[in-house]
Amino acid sequence: MEIRLRNLRRNYGSLHAVDDVSLDIPSNTVYGIIGKSGAGKSTLVRLVSMLEKPDNGEVYYDDKRVDNLSKKELIEERRHIGMIFQNFNLFSSRSAADNIAYPMEICHMDKDHIRKRTEELLSLVGLEGRGKAPISTLSGGQKQRVAIARALAINPSILFCDEATSALDPQTTRAILALIKEIQKKMNLTVVMITHQMEVVRDACDRVAVLDSGHIVEEGLVSDIFSSPKSDVTKDFLSSLTNVRESIVRWSRDGGHFTLRFRGSSTDEPIISTVSSETGAVFNIRAAGVQNVNGEEMGVMITDIGPDEETALKAAALLRKMGVVIEEEKKEAE
Ligand SMILES: Nc1ncnc2c1ncn2[C@@H]1O[C@H](COP(=O)(O)OP(=O)(O)OP(=O)(O)O)[C@@H](O)[C@H]1O
Ligand SMILES: [Mg+2]
């Protein structure tokens, strides 16, 4: 299902928690919405998932407007939606299987069908044979698997994940993201992934929108946003990420004023030598490696450029002209 948002607004008193948001979220995709704490992500999800009404603007699922439905229509339309959260929101008094069965019980489905479907879902999320397990005996990752199975119980078209991996360690996060991607393909879902972690966007999303103070500041393909971020907010998110990339080797602890990213055709040419001979710039390379963003390989080089600032700027301009994406460290270099 395609989701379209038009001029969405939600105020709490004088605070514009969601401020004129328009977005097209294509069907059959994993779509990320990233923002810092308080940016308005959860508020936006509540509007899009019809849990809350906007003060202004419209929400469409395919061509149907869904933000102004009657209570009865709302219940019907909400069957298209599954949701998972950071804190899992499971019933601790019920077993794994009974948690998964819950939404089907609410819909008064046939008992045999519920039992069969629950087994199917347990195996879909990798918890075969664990149906009887009390929730308290499951690990965080297993709890989230139960929550995913429950969200999928009545065959939704849209899955909202609000910080679904924020409470998990990095390894479990990767496993859960891989599961969500796999399920997205299997069930042709539209997945909306809310997060404050660029790792989640990198590892799971096809497209991403960056939310800041209730506004969308940037939107596009994840590979494009990673290679040429436009807003400062996006650059901040990315810089926290590149520093922890394992595939980048740093052989000098200090320095590295410029970050160069090479993609596509710019990876096949002797760019550094060309720029060096044309501008007289000298490169002191501090770190280098590759980044893989959703299957696209990108070369990354962290370097100082000398001998003086004027030459460095000339070199940077020429590099940009040759298709290299450059970020300049804003902080004072040592
Ligand atoms: N029900 C509410 N009443 C009043 N203010 C609210 C309400 N819900 C959210 N807000 C405010 O709206 C702003 C956006 O909140 P929201 O929960 O959407 O942010 P978020 O991006 O999800 O943050 P986090 O990453 O911390 O979950 C915040 O300033 C918050 O305090
Ligand atoms: Mg939130």
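Values in this document were obtained by computation on a predicted structure and should not be read as measured data. (Residues numbered from 1 in each chain as written. Chains lettered and ligands numbered in written order. Predicted model: local features only at pLDDT ≥ 70, side-chain atom pairs only at ≥ 80, totals over all residues.)

It is worth spelling out the site of ligand 1 at this point. Close to ligand 1 lie Tyr 12, Leu 15, Ala 17, Gly 35, Ser 37, Gly 38, Ala 39, Gly 40, Lys 41, Ser 42, Thr 43 and His 196, which account for all nearby residues. Of all the secondary-structure elements, those providing two or more residues to the shell around ligand 1 are β2 (15-25) and α1 (41-48). When the residues that make up the shell around ligand 1 are grouped by side-chain class, the tally is 4 nonpolar, 7 polar and 1 charged. (Near = placed C-beta within 6 Å. Helix = DSSP H or I, 4+ residues; strand = E, 2+ residues; numbered from the N terminus. Nonpolar A, V, L, I, M, F, W, Y, C, P; charged D, E, K, R; others polar.)

Attention now moves to helix α11 (residues 309-321). An α-helical turn contains 3.6 residues, so any two residues separated by three or four positions project in the same direction. End to end, α11 covers 18 Å across 13 residues, agreeing with the expected 18 Å (1.5 Å per residue, within 8%). Of all the residues in α11, the buried ones are Ala 312, Ala 315, Ala 316 and Leu 319. Mapping the buried residues of α11 onto a view down its axis gives an arc of 100 degrees, with all of them on the same face. Exposed and facing more than 90 degrees away from the buried side of α11 are Glu 310 and Lys 321. Directly after α11, the chain includes Gly 323, whose backbone phi takes a positive value near 95 degrees. (Expected span 1.5 Å × (residues − 1). Buried ≥ 20, exposed ≤ 12 C-beta atoms within 10 Å, placed from the backbone. Arc of directions from axis to C-beta.)

A few words on the domain arrangement of the protein. Considered domain by domain, the protein is made up of domain 1 (3-221) and domain 2 (245-328). For domain 1 and domain 2, the distance between their C-alpha centres works out to 39 Å. (Domains from an automatic or database assignment.)

We now examine the environment of Leu 47. For Leu 47, the position within the fold is in helix α1. With 12 residues separating them in the primary sequence, Leu 47 and Val 59 have C-alpha atoms 8.0 Å apart. The contacts of Leu 47, once residues within four sequence positions are left out, are Leu 8, Arg 10, Val 18, Glu 52, Pro 54 and Val 59. (Contact = placed C-beta atoms within 7 Å.)

Before going further, it helps to spend a moment on unusual backbone geometry. With an omega of 0 degrees, the peptide bond running from Gly 306 to Pro 307 counts as cis. Residues other than glycine seldom take positive phi values, yet Asn 28 does so here, at roughly 55 degrees. By secondary structure assignment, the location of Asn 28 is in the loop between β2 and β3 (29-35). With 15 C-beta atoms packed within 10 Å, Asn 28 lands in the partly exposed category. In this structure, Ser 213 takes a positive phi of about 45 degrees despite not being glycine. Tracing the chain through its elements places Ser 213 in the loop between β9 (207-212) and β10 (215-221).

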